[in-house]
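Structural overview for review
Each chain, written out:
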Amino acid sequence: MEYLLNSEEMKRCDLTTIEKIGMPSMVLMERAALSVIEELASFDLTKVLIVCGSGNNGADGYAVARLLHLQKIAVDILFIGNEQKRSPENNQQKKIAEYYGVKSVKDIEINQYTTIIDALFGIGLSRPLSGKYAEVITKINQMNVEVLSVDVPSGISADNGKVMGCGIKATKTVTFAFNKVGLVLYPGAAYAGMVKVKDIGITEAGFEEEFPKVYSYTIEDLAKIPKRNPYSNKGTYGKILVIAGSKNMSGAAYFSAKAAYRMGVGLVRIVTPEENRQIIQSLLPEAIVTTYQKKQLDGDWLMDAINWASVIVIGPGMGGSEEAHYLLSKVLSISEVPLVIDADAINILAKEPGLLQHNKQNIILTPHIGEMSRLTDKPISEIAENIIEVAERFAKEKKLTCVLKDARTIVTEGNRGTYVNTSGNDGMATGGTGDVLTGVIAGLLGQGLSVVEAARLGVYIHGLAGDAAAAKKGAYGLLADDVCEAINDVVK
Ligand SMILES: NC(=O)C1=CN([C@@H]2O[C@H](COP(=O)(O)OP(=O)(O)OC[C@H]3O[C@@H](n4cnc5c(N)ncnc54)[C@H](O)[C@@H]3O)[C@@H](O)[C@H]2O)[C@@H](O)CC1
Ligand SMILES: [K+]
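My aim in this report is to walk through the structure given alongside it, one point at a time.

Conventions used here
- Per chain, residue numbering runs from 1 following the sequence as it is written.
- All chains are assigned letters beginning at A, and all ligands numbers beginning at 1, according to the order in which they are written.
- Residue-level local features of this predicted model are given only where pLDDT is at least 70; pairs of side-chain atoms are given and counted only at 80 or more, and the full residue set underlies all totals for whole chains, interfaces and linings.
- Calculation of side-chain values draws on the structure's entire complement of heavy atoms; hydrogens and water are dropped beforehand.
- Nearness here has a simple test: a residue counts as near a molecule or strand if at least one of its heavy atoms is within 4 Å of that partner.
- Here a polar contact is taken to be a pair of N or O atoms separated by no more than 3.5 Å, where protein atoms must pair a possible hydrogen donor with a possible acceptor and residues adjacent in sequence count only if both atoms sit in side chains.
- Every accessible area reported is derived by Shrake-Rupley at a probe size of 1.4 Å, with residue values counting cover from the shown protein chains alone.
- Only DSSP runs of H or I with at least four residues qualify as helices, and only runs of E with at least two residues qualify as strands; both kinds are numbered from the N terminus onward.
- Throughout this entry, Asp, Glu, Lys and Arg are counted as charged residues, while Ala, Val, Leu, Ile, Met, Phe, Trp, Tyr, Cys and Pro are counted as nonpolar. The remaining residues, Gly among them, count as polar.
- Nonpolar cores are built from buried Ala, Val, Leu, Ile, Met, Phe, Trp, Tyr and Cys residues. Side-chain atoms within 4.5 Å join them into one set.
- Only protein chains enter the calculation, and the probe is 1.4 Å; a residue is then buried if its accessible area is under 20% of its type maximum, exposed if over 50%, and partly exposed in between.
- Where each domain starts and ends comes from a domain assignment, either automatic or drawn from a database.
- For this analysis, residues touch if any pair of their heavy atoms sits within 4.5 Å.
- A pairing counts as a salt bridge when a side-chain nitrogen of Lys or Arg comes within 4 Å of a carboxyl oxygen of Asp or Glu.

In the neighbourhood of ligand 1, 22 residues make up the surrounding shell, with Ser-25, Asp-60, Gly-122, Arg-127 and Asp-151 lying closest. Residue Asp-60 places a side-chain N or O atom 2.5 Å away from an oxygen atom belonging to ligand 1. Taking Gly-124, its main chain carries an N or O atom lying 2.9 Å from an oxygen atom of ligand 1. Protein chains shield 83% of the accessible area of ligand 1, which is 870 Å² for the free molecule. If you list the elements that add at least two residues to the shell around ligand 1, you get α2 (25–39) and α3 (56–70). Of the residues in the shell around ligand 1, the class split is twelve nonpolar, seven polar and three charged.

Below, the discussion takes up the nonpolar core. In summary, soluble globular proteins display a tendency toward joint burial of nonpolar side chains. By size, the foremost hydrophobic cluster in this structure holds 101 residues, and its most contacted members are Ile-50, Leu-68, Ile-117, Ile-240, Val-436, Ile-461 and Ile-487. Per-element accounting of this core gives the leading share, eleven residues, to helix α17 (residues 451–473). Taken together, domain 1 (2–214) and domain 2 (219–490) each give at least three residues to this core, which thus spans both. Look past the residues within four positions of Leu-68 in its chain and what remains in contact with it is Ile-37, Leu-40, Leu-45, Val-48, Ile-50, Ile-73, Val-75 and Ile-117. Grouped together as the second largest cluster of nonpolar side chains are 51 residues, Val-214, Leu-332, Ala-345 and Leu-355 included.

In this section: the pattern of salt bridges. Across all of its chains, the model carries 25 salt bridges by this definition. Between Glu-208 and Lys-20 there is a salt bridge, with the nearest N and O atoms lying 2.9 Å from each other. Linking Glu-208 in the loop between β9 (194–198) and β10 (214–216) with Lys-20 in helix α1 (residues 7–20), this pair joins segments that are 188 residues apart in sequence. Overall, Glu-208 belongs to the partly exposed group, its relative accessible area being 36%. For Lys-198, the salt bridge identified is with Glu-39, shortest N-O distance 2.8 Å. With Lys-198 in strand β9 and Glu-39 in helix α2, the pair connects residues that are 159 residues apart, well separated along the chain. Look at Lys-198 and you get buried, because its relative accessible area is 13%. Look at Glu-39 and you get buried, because its relative accessible area is 10%. Linked by salt bridges that have partners in common, Glu-38, Glu-39, Lys-172 and Lys-198 make up one network.

If you want it as structure tokens, here you go:
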């Protein structure tokens, strides 16, 4: 697990470390500068320019300049800011750098530098950039030179990854103590380049009682996958009912069901229109197939299927027909088991939110941004820009677990910690991968994970499977089936 801090949380942690724990600010800064030097090993240091602002991010820049200068590396400092507004540490670092004879310049000479170090703004950025700051950032971005950003690419909000007017496009960002939300969410993640989190002596002790709200998973979290039991049978690992597919649309049911099997469940039963029987049975003979015909929905078969299941997936490829509507309303009103609601079932809910009145607080809803836009009546751009807040508010209001799918998928119950997923790649932006996700989540539910844990871990595993598949086949031609097949590279 990795915490993702916002600037307020990081500032509080800095302050506690300095004032309560007693670690001197200048010691932290020296370690910060040394960690930047370590990460410069792969850069061409023939001639380095360090752009410094007037706060403590700029102070880090002066310290890096001095350390490089003392290693006999040619380095210039360009100060952009207000002399009167320098922080105490900035003044002190400037004085030390000047004592050792580090050179300052007044402007950037194009084509002179092989590396630029960006120490204009870090977590202290508080408003959009304009004037001389915007000018220098635009100039740096236009130069064909590698850039290392100190802590945060200047102009990117550490809170949410938004570009505040303009932002440095870094090759690498060296961030201190903990990763930041704004380096993980887009567009910030794209501006940050490769992100390295460096220990500078600030630890979780600095959180005191109040831990950061947002976090991500790392490979160690795979230990949360339930262990297999040597004394078990196929009923032990869950009975998953997948209500999916419509006439001419059988793939979604197949992907969801197959992913659940790949994730380790014992039994999967697919409920789908009669037209899909043959194709599903030949694609996935392991599945039990129950089919229905138009206008033949009533009857014991549906109750039997619902009562049989320990987990239900509903929606993939189901369409918006009367039958789909009937199935969803039945499941929502009768079922007591965890539900994964996706795709067409989400669109039905968007039109008829009253169907959620029977919500037994065991629902995982997995909208992508377009579906969330239909659910909330908000424009897609507004959702993309406020992805964490939108997911949290929706989950809290509807009392469910929301999996808001995007390049960085959010998983939240609304009031506790919020998960931001960092696994996965752009190859997964292809038809069917969402169906695979429902199967992975259902598989984890079937093996006993809580609703929110299955959602978080499912999203993480699904992304890792996408990464494993892309490593083998490349991102361009990735198919949902490749992601499905790669689940077992992740879960062994
Ligand atoms: N001892 C410490 O406090 C440590 C601080 N560290 C560094 O310090 C940074 C935080 O320092 P600060 O809190 O001083 O913040 P910054 O250095 O990020 O910037 C703050 C300054 O920029 C001004 N500012 C904000 N937005 C502006 C805008 N749009 N246009 C013009 N001016 C603007 C603020 O008024 C303030 O003067 C971290 O990102 C990190 O790099 C690290 O060295 C770790 C230790
Ligand atoms: K910076």
